[in-house]
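Structure assessment
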Amino acid sequence: MANHTSALKRHRQSLKRQARNKAVKTRIKNVVKAVRQALAEKSAEKATTALTLASSVLDKAASKKIIHWKKAGRCIARLQTAINKLAV
């Protein structure tokens, strides 16, 4: 590990960012899993409310550049398509 003060500071900052990003990514996985679980139960209403929360979390992560904005949109679109198929 580096001994320069600036390198030590950058390392501390990277550890903080890593922890923050990991927490957000875990949150994303949990809310997407909740939508998929509602889909498995064939509950369109429950899945729709879960998708509302999931899209909010995904968009927030994309706006903070934790995930790519196209990945967030793709994930939301796929979940919405699954809900639409369930409703039919």
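Right above here is the structure, for reference.
To start, this report covers the structure provided alongside it. (Residues numbered from 1 in each chain as written. Predicted model: local features only at pLDDT ≥ 70, side-chain atom pairs only at ≥ 80, totals over all residues. Heavy atoms only, no water.)

Some words on the pattern of salt bridges
Side chains carrying opposite charge are able to pair once their charged atoms draw close together. Across all of its chains, the model carries one salt bridge by this definition. In this structure, Glu41 engages Lys46 in a salt bridge whose closest nitrogen and oxygen atoms are separated by 3.1 Å. (Salt bridge = Lys/Arg side-chain N within 4 Å of Asp/Glu carboxyl O.)

A look at helix α3 (residues 69–87)
Its 19 residues give α3 an end-to-end C-alpha distance of 27 Å, which sits within 8% of 27 Å, the value for a rise of 1.5 Å per residue. For α3, the complete set of buried residues consists of Ala72, Ile76, Leu79 and Ile83. Taken down its axis, α3 places every buried residue within 65° of arc, on the same side. Turned more than 90 degrees away from the buried face of α3 sit Arg78 and Lys85, all of them exposed. (Helix = DSSP H or I, 4+ residues; strand = E, 2+ residues; numbered from the N terminus. Expected span 1.5 Å × (residues − 1). Buried < 20%, exposed > 50% of the residue type's maximum accessible area, 1.4 Å probe, protein only. Arc of directions from axis to C-beta.)

Remarks on helix α1 (residues 5–40)
A rise of 1.5 Å per residue sets the reference length of α1, with its 36 residues, at 52 Å; its end C-alpha atoms lie 52 Å apart and thus fit the reference within 8%. Within α1, burial applies to Ile28, Val31, Val32, Val35, Ala38 and Leu39. On its buried face, α1 is in contact with α2 (44–63) and α3. Count one or two residues on from α1 and you reach Lys42, which has phi positive near 60°. (Contact = heavy atoms within 4.5 Å.)

Quick word on the packing of α2 against α3
Their axes nearest at 9 Å, the elements α2 and α3 cross at an angle of 175°. Considered as vectors, α2 and α3 are oriented roughly antiparallel to each other. Two secondary-structure elements touch here, α2 through Ala44, Ala47, Thr48, Leu51, Ser55, Leu58, Asp59 and Ala62 and α3 through Trp69, Ala72, Cys75, Ile76, Leu79, Gln80, Ile83 and Leu86. (Axes fitted to C-alpha atoms, helices over the stretch in contact; angles between N-to-C directions. Parallel < 35°, antiparallel > 145°, perpendicular 65-115°, else oblique.)

What about unusual backbone geometry?
Backbone geometry at Lys42 places phi at a positive 60°, although glycine is not the residue there. Tracing the backbone shows Lys42 in the loop between α1 and α2. You will see that Lys65, though not glycine, has its phi angle at about 65°, which is positive. Among the structural elements, Lys65 can be located in the loop between α2 and α3.

On their own, these measurements won't tell you what the molecule is for.
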